[in-house]
Amino acid sequence: MKVRRIGRVLLYDEGAAEELNIEEVAKYLREKLEKAQVKVRGNPFALWLEKSSDYARKLASIKIQDASRKIAPEQEPLYGEVSYEERRILGKTKSFGVLYDGFQLQRVFSELIAREERSLEVVHIFFTNRLFATWEENNKRYHARTSVYGVPSVISTRGLVEAPAKPREYYLLKQQYEVLGRDLLELKGRFKASFIDYGDERLTEVIKGYAMQAVFYHLVGNPFCEDKGCRLYNAHWQEELIFAQLESRYEFCECHTRILDSLRKNESEH
Amino acid sequence: MKVNIEEIEVKEDKTIKELMDELQLSTAPILLELSGRIFYPDAIKDRRLKRGDKVTLIPLITGG
């Protein structure tokens, strides 16, 4: 397997959840990658505030209105939608509730990276609380996602809560609770160990694994692993996510551990 | 749709658009690396490639 060289890992905070400690994620990546330079860059829009209205328009135009209808290219946003996005860029609101097209969002974020830094040798990871989805041709609808891996990679803290499905039993009981008018917080409490929720103190630990998926995307071209106990496992259920990121006896499978080890060895030989 | 990042060698002169059509990747979410720089194919669709040029196909991959 060809392993590419990584020179730098740059982490950006695009309004991610407050409970995410990006400095801790950076420290973890430094430990794993040793000689690669890992830096936290903060808000990626900070250097582009004079173009905030342009970016606001672009973000407003990639909003998904209906999950069963693919968005039209260059759809015309409403004034209020553009205004909301500009407030969000300028840090005047952190509210969320909009669903974006994931690939288009990745493209807007790519414009915030200097051209000379758009390279496979530089891992750019944007942490955001924006929820995004991608269109699936087979069932003609959008599906919420946790992450898009590319240059840059985008990881959604809200996506980690919303995209992987909760246990089936939770959905069945939720319906009953709603019919009976019972408190949903009580139900969430019963299932606390089974899924990641808003304000969850486990989020930073979970994000470390997703950041490593972005790293492996650059290293070997594939962010994922088939091993359910490896942090690179592409979880579609919350229980799978919790097992891979928090409960497994090992962090990475033998194959991916070997790659990390060989990387350290090769780097120390240079 | 390709799954992994992969480098290919161009077999004959053609445009980026022709290459994407040939690989049936015209509508795929993908980036290209040419001479160390990364592009979205539609942004450089008329750029001409020469026989022997190396192009890295970088598919965007979703998780969750």
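Everything discussed here concerns the structure shown above.
Residues numbered from 1 in each chain as written. Chains lettered and ligands numbered in written order. Predicted model: local features only at pLDDT ≥ 70, side-chain atom pairs only at ≥ 80, totals over all residues.

**Description of the environment of Arg202 of chain A**
Residue and element names in this part refer to chain A.
Next up, step 1: Its location among the elements puts Arg202 in the loop between α7 (184-190) and α8 (203-220).
Next up, step 2: Judged by the 15 C-beta atoms lying within 10 Å of it, Arg202 is partly exposed.
Next up, step 3: Separated by 43 residues in sequence, Arg202 and Gln245 have C-alpha atoms that sit 9.6 Å apart. (Helix = DSSP H or I, 4+ residues; strand = E, 2+ residues; numbered from the N terminus. Buried ≥ 20, exposed ≤ 12 C-beta atoms within 10 Å, placed from the backbone.)

**With respect to the nonpolar core**
The nonpolar side chains of soluble globular proteins are, as a tendency, buried together.
Next up, step 1: Membership of the largest hydrophobic core comes to 72 residues, with the highest contact counts inside it found for Val9, Ile125, Ala211 and Val215 of chain A together with Ile58 of chain B.
Next up, step 2: With eleven residues, the single largest contributor to this core is α8 of chain A. (Core = buried A, V, L, I, M, F, W, Y, C linked by C-beta atoms within 7 Å.)

**Describing helix α2 (residues 52-60) of chain A**
Residue and element names in this part refer to chain A.
Next up, step 1: Burial in α2 covers these residues: Tyr55, Ala56, Leu59 and Ala60. Down the axis of α2, the smallest arc covering the buried residues is 135 degrees, so these residues share one side.
Next up, step 2: Where the residues of α2 are buried, they touch α3 (79-89) and α4 (102-110). (Arc of directions from axis to C-beta. Contact = placed C-beta atoms within 7 Å.)

**Observations regarding the sheet that holds strand β4 (residues 37-39) of chain B**
Residues and elements named next belong to chain B.
Next up, step 1: Across the sheet, four strands lie side by side as β1-β6-β3-β4; this open sheet has antiparallel pairing. The two strands at the open ends of the sheet, each matched to only one other strand, are β1 (6-9) and β4. Neighbour-to-neighbour, the strand axes of this sheet turn through a mean angle of 30 degrees, independent of strand direction.
Next up, step 2: Two strands pair when backbone bridges link them, and strand β3 (residues 30-34) and β4 are joined in this way by three bridges, in the antiparallel orientation. Paired with Leu32 across the strands is Phe39, a residue of β4. (Pairing = 2+ DSSP bridges. Axes fitted to C-alpha atoms, helices over the stretch in contact; angles between N-to-C directions.)

So, to be careful, I would describe these as geometric facts and stop short of saying anything about function.
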